[in-house]
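Observations on the three-dimensional arrangement
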Amino acid sequence: MASIFTYITHKKGVVDDSALELISAAKVIDSDCKPTAIILGSPSEVAQVADEMAKSYTDVITVGNDALNYPNAEVYRKVLAALLPSHALLLVPHDTFGMDLSPGLSIKTDSSFASDVVGFEGMEGGKLKVIRQEYGGTVSTRSLCDIANGAIINIRAGVFKADESKAQHGAIVDKSSDIQDFSSKRTFVEVIEAEIGEVDITKSEILVSVGRGIGEEENIEMVHTLAKAMGGEVACSRPIVDAKWLEKSRQVGTSGQTVKPKVYLALGISGSFQHMGGIKGNPFIIAINKNPNAPIFQMADVGVVTDILEFIPALTEKINQAQ
Ligand code: FAD
């Protein structure tokens, strides 16, 4: 089996949860493997992140350069293509940046590409068998990924549990001076942070999050009532904001807020990667959905297959009776 590398996502020195999930994903591909972490970014940030990752990874490779201050996929692709040995497997989080980065990187390295991977089922005829989600998570598929020339594989967040086996003093190798070309046709100007409105769902420990399954605007009221009974805050998926049923500041996801609650109750939410990408910190996820094949059940700790329009009032009544 080829060497496995992981792409470490970090922001302002804070490492994304995916960093430890990718170790678990690598070990499902090859139980004996010790994946190597690759960290790119500004020199100061990279040094800080590398120290943290060396507690979990045996080998860490860094490239620090001011040209990597912003996640400009065009520059990152050049650097990664120069770093990766031929035939390598690179695991990348399946988030907005991962989707910008990976397809082009696979072309640059002449390797295979698989997006939104949620599982591996060993090798078949020399090819890696992957389970992927397609069409926004509405369909799961099995594919054979030819890894003879290596592959870039995007892994969905939250599917593989974080590998917490720490206690390592990994070797950190700084490859900054090996890379000469940081040029780009794209000039990154600034990151526009999502606005925090009157309600700050990023601080809430209990989120009662509602999706399109709620059906009609008038049903939103029962979600507020349940959230109040649970001592939590109402959050939502993007279609609810698009329909103007709730404020943008309540939207969880890659184009909304990043939240870190202890409990996340998902009501009528399918579990798209854009939504789940906004949920960090490994909360206890309870998913209620009438479709037993909804992708969210793959990430949930507890799942209930039922109609939320019956479930929400019933749960609210139970909680109020218990108080
Ligand atoms: P759906 O995918 O329509 O799912 C509704 C679910 O409700 C289904 O699983 C269905 O089975 C279930 N259901 C229906 N009726 C009931 C019922 N009565 N009882 C129980 N279950 C029921 N989305 C975000 O959420 N956040 C983002 O930040 C975000 N950013 C995006 C950025 C980009 C660039 C793009 C392209 C998309 C983005 N999206 C985002 C949209 C995302 O792709 C999904 O379309 C969205 O998350 C789906 O929302 P949903 O789960 O509420 O709706």
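Details of the structure are given in the entry above.
The paragraphs below set out a description of the structure included in this document. On a predicted model such as this, the values are computed, not experimentally measured, just so you know. (Residues numbered from 1 in each chain as written. Predicted model: local features only at pLDDT ≥ 70, side-chain atom pairs only at ≥ 80, totals over all residues. Heavy atoms only, no water.)

Below, the discussion takes up the pairing of strand β1 (residues 4-7). If a strand is regular, its side chains alternate between the two faces of the sheet. Burial along β1 is two-sided: I4 and T6 and F5 and Y7, pointing in opposite directions, are all buried. Where β1 and strand β6 (residues 89-93) come together, three bridges link them in parallel fashion. The residue bridging I4 from the neighbouring strand is L89, located in β6. Pairing of β1 with strand β4 (residues 36-41) involves three bridges; the strand directions are parallel. Directly across from T6, in β4, lies its bridge partner A37. (Buried < 20%, exposed > 50% of the residue type's maximum accessible area, 1.4 Å probe, protein only. Helix = DSSP H or I, 4+ residues; strand = E, 2+ residues; numbered from the N terminus. Pairing = 2+ DSSP bridges.)

We now examine a nonpolar patch on the surface. A grouping of Y70, F188 and V191 is seen on the molecular surface, where their side chains present a nonpolar patch of about 230 Å² in accessible area. Relative to the assigned elements, Y70 resides in the loop between β5 (59-64) and α3 (73-83). The partly exposed category is assigned to Y70, whose relative accessible area is 34%. (Patch = residues over 30% accessible without salt bridge, like charges linked within 9 Å, V, L, I, M, F, W, Y side chains within 5 Å. Areas by Shrake-Rupley, 256 points an atom, 1.4 Å probe, with all protein chains shown as cover. Salt bridge = Lys/Arg side-chain N within 4 Å of Asp/Glu carboxyl O.)

Quick look at the environment of I39 now. Secondary-structure assignment places I39 in strand β4. Setting aside residues up to four positions removed in sequence, I39 forms contacts with I8, H10, V46, V49, A50, M53, V60, I61, T62 and V63. (Contact = heavy atoms within 4.5 Å.)

What follows covers the site of the ligand. Surveying the vicinity of the ligand reveals 24 residues, the closest of which are S237, Q251, S255, S270 and N289. The backbone of K290 places a nitrogen or oxygen atom 3.1 Å from a nitrogen atom of the ligand. Contact between the ligand and I308: a nitrogen atom at 2.9 Å from a main-chain N or O atom of the residue. Within the complex, the protein chains bury 74% of what would otherwise be the 990 Å² of accessible surface of the ligand. Of the pockets mapped on this structure, the ligand occupies the second largest pocket. For the shell around the ligand, the secondary-structure elements that each account for two or more residues are α6 (238-242) and α7 (273-276). Residues belonging to the shell around the ligand are distributed by class as follows: four nonpolar, 16 polar and four charged. (Near = heavy atom within 4 Å. Polar contact = N/O pair within 3.5 Å; in protein donor to acceptor, adjacent residues only side chain to side chain. 1 Å grid on protein atoms, 1.4 Å probe; cavity = no way out; pocket = protein on both sides within 12 Å on 5 of 7 lines; lining within 4 Å. Sits in = over half its atoms within 2 Å of the grid points. Nonpolar A, V, L, I, M, F, W, Y, C, P; charged D, E, K, R; others polar.)

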